[in-house]
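The lines below spell out each chain.
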Amino acid sequence: MTAWTLWVLSLPTLPRHKMPFNGEKQCVSEDQPSDSDSSRFSESMASLSDYECSRQSFTSDSSSKSSSPASTSPPRVVTFDEVMAAARNLSNMTLAHEIAVNENFQLKQDALPESSLAGRVRHIVHQAFWDVLESELNAEPPEYEHAIKLFEEIREILLSFLTPGGNRLRNQICEVLDTDLIRQQAEHSAVDIQGLANYVISTMGKLCAPVRDDDIRELKATSNIVEVLRQIFHVLDLMKMDMVNFTIRSLRPHLQRQLVDYERTKFQEILEETPSALNQTTEWIKESVHEELLSLSEATLTPGAENNSKPSLSPTWVLNNSYLKLLQWDYQKKELPETLMTDGARLQELTEKLNQLKMIACLALITNNMVGALTEGLPELAVRLKRISAVLLEGMNKETFNLKEVLNSIGIQICVEVNKTLMERGLPTLNAEVQANLVGQLSSIEEEDNPIWSLIDKRIQLYMKSLLCLPSPPRCMPPVPGGLAVVQQELESLGLQYANIVNLNKQVYGPFYANILRKLLFGEEATGKAEASSSTN
């Protein structure tokens, strides 16, 4: 059993009898932050509202000293125990985060491939055990010691499924599967192994999830006692995994309510054990600070601009721009900030889907510009072309994907569909020159600095930035920029997912970001004041 399974099993078990698993409705809240979480984040990130706020708001303590990136003390030696403690905290924090935000999260049994060496060894060892058991039961007189040990193990597994209040069934199981009594019966050749197995199967039917009812029926129909015992253990393993996943589903609402405080506390413990745990995060934010300063410096150099004042940056603006950089992140080559490790897989998947939407929007925009006048008033054609593009662009983020060739195929297919529609309306089809021009422009989208791609990319970035400025959860979605109507529904869905990830991340790591921004925007002076203030309190 994995460490994750052991961690979940150590959690308090909720009352259950017939588990509502696989087929029964569960009331699970979405991974959107609650109002109470938003208020806590507002308090922890008050200093990040705008640069116009007083500098004193950035010299107040937002988190413990150890999270400050401005420490000038020499690096200390980290012991092995401290590294292991940090690893445990990270593992628990990652697991709790995944359970809370991923409603499809569940644990599964490790299945070894039958063709693998480990799989073959496991099969041979298990088969040898059951062959020995069968020979013992068929001997004259029968040898029951191994079978009795199996029933003893079955008894303990069944008892582990019971709640503290299930005394009646607990007593019944202990009475029927009393190994001392079974041994005495075996000594006098009066033990009923088949009867004990039938009782176990009946009890399993009372405790299992509805999804296991078919397995219980198959057990009842099996006549060979050795095969019955073998399958009992197989179904018990499935029931244990069902119980773990049911516990996870039951705990999810509680974890969602406590997630912000829990993750922040765990990360603070990691930071105390590993002082360098914010290095990547600091570099990630520093990049945005430098980009914004460069942008402001260029603006002050424009004719007529006042350049007698020092460029000023809004911390909230800097942090939002840092989050936007994640939508263009190279997840294969570039390491994520430490504060976003728990959402790395979600962000990568979201970015890949967003790139596909960008490509579909580019294809639709070019097609509409070239043949839109001929196909005006035919929304079904636009839907059909979008569906064709989406299917052919599936997997476009893989290294082996030949985008140039696929875009050429899409262009040819679009010409075929447009000509078919024009023929149905009794209109002349596209001539060879127009078709070649259309296919050429569509194929050129993958070229570097393509103007259509750059335009669509800027508009999507603008839309995502507008989402970060809305309250959480947003009361209404911002308007979609021009040229993106063809992917509006998918873009809004991805935008909500992205905003949920960012807003939760802000709530959890707001104090740590505040410390980093305090140092980067206001230097050592402000950081020193913050640490002095915390030491006097």
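Residues numbered from 1 in each chain as written. Predicted model: local features only at pLDDT ≥ 70, side-chain atom pairs only at ≥ 80, totals over all residues. Heavy atoms only, no water.

Defined as follows: UniProt positions are given in the numbering used here, feature names are shortened, and annotations may be inferred rather than shown by experiment.
The name given to the protein chain in an unreviewed UniProt entry is T-complex 11 like 2, with the source organism recorded as Bos mutus grunniens. Annotation of the protein chain in UniProt includes, under Sequence similarities (unreviewed entry), the sentence "Belongs to the TCP11 family."

1. Some thoughts on the overall build of the protein chain
Note the threshold: Runs of H or I in DSSP of at least four residues are treated as helices and runs of E of at least two as strands, each being numbered from the N terminus. Exposure classes here rest on a 1.4 Å probe applied to the protein chains alone. A residue is buried below 20% of its type maximum, exposed above 50%, and partly exposed in between. Contacts: residue pairs with any heavy atoms within 4.5 Å of one another. Note on areas: Shrake-Rupley, 1.4 Å probe, and residue coverage restricted to the protein chains presented here.
Counting secondary structure elements, the protein chain contains 18 helices and 0 strands. Here the protein chain holds 537 residues, and 43% of them are scored as buried. Contacts in the protein chain between residues far apart in sequence, at least 24 positions, make up 78% of those at least 6 positions apart. Surface summary for the protein chain: the accessible area is close to 28700 Å², and the carbon and sulfur share equals 53%.

2. Digging into the nonpolar core
Worth spelling out the cut-off: Among buried residues, the Ala, Val, Leu, Ile, Met, Phe, Trp, Tyr and Cys ones that are joined through side-chain atoms within 4.5 Å form a nonpolar core.
Counting residues in each nonpolar core, the largest one holds 85 residues, and the members touching the most others are I285, Y323, L326, L393, M464, L491 and Y498. Contact partners of M464, with chain neighbours within four places excluded, come to L324, L327, L354, L491, L494, G495 and Y498. Membership of the second largest hydrophobic core comes to 41 residues, among which are W130, I157, L159 and V235.

3. Here we look at helix 14 (residues 379-392)
Operational definition: Expected helix span is given by 1.5 Å per residue-to-residue step, counting one fewer step than there are residues. Starting at the helix axis, one direction is taken to each C-beta atom, and the arc is that of these directions.
Helix length check: helix 14, at 14 residues, gives a terminal C-alpha distance of 20 Å against a target of 20 Å (1.5 Å per residue), a fit within 8%. Within helix 14 the residues assigned to the buried category are L381, L385, I388 and S389. Buried residues along helix 14 cover an arc of 95° about the axis, so they all sit on one side. Exposed side chains of helix 14 directed beyond 90 degrees from the buried face belong to P379 and V391.

4. Structural notes on the pattern of salt bridges
The condition that has to hold: What counts as a salt bridge is simple: a side-chain nitrogen of Lys or Arg found within 4 Å of a carboxyl oxygen of Asp or Glu.
Scanning the entire structure with this criterion turns up 18 salt bridges. With a closest N to O distance of 3.1 Å, R155 and E156 form a salt bridge. We classify R155 as buried; its relative accessible area is 14%. Here E156 falls in the partly exposed class, since its relative accessible area comes to 43%. We note a salt bridge from E349 to K353, for which the minimum N-O separation is 3.3 Å. Here K353 and E349 lie together in helix 13 (residues 344-371), a separation of 4 residues that amounts to about one turn. The class for E349 is partly exposed, based on a relative accessible area of 43%. The exposure class assigned to K353 is partly exposed, which follows from its relative accessible area of 39%.

5. Considerations on the environment of Q256
Mapping Q256 onto the fold places it in helix 10 (residues 225-273). In the structure, Q256 is positioned 159 residues away from H97 in sequence and 8.5 Å away in space, judged by C-alpha atoms.

6. Considerations on the packing of aromatic side chains
Basically, it comes down to this: The aromatic pairing rule takes the rings of Phe, Tyr and Trp, using the six-membered ring of Trp, and pairs them if the centres are within 6.5 Å, calling planes under 30 degrees apart stacked, those over 60 edge-to-face and the rest tilted. We count a charge as sitting over a ring when the NZ of a lysine or the CZ of an arginine lies within 6 Å of the ring centre and within 35 degrees of the ring normal.
Considering all chains together, one arrives at 9 aromatic pairs under this definition. Here the aromatic rings of F129 and W130 are separated by 5.0 Å at their centres, their planes lie at 80°, and the arrangement is edge-to-face. Geometrically, the ring pair formed by F267 and Y509 is edge-to-face, given 5.1 Å between the ring centres and 85° between the ring planes. Taken as a pair, F267 in helix 10 and Y509 in helix 18 (residues 488-536) lie far apart in primary sequence, 242 residues in all. Within the aromatic cluster, the residues linked to one another by ring pairs are F267, W284, Y323, Y509, F512 and Y513. Directly above the aromatic system of W329 lies the positively charged group of K334, at a separation of 4.4 Å from the ring centroid.

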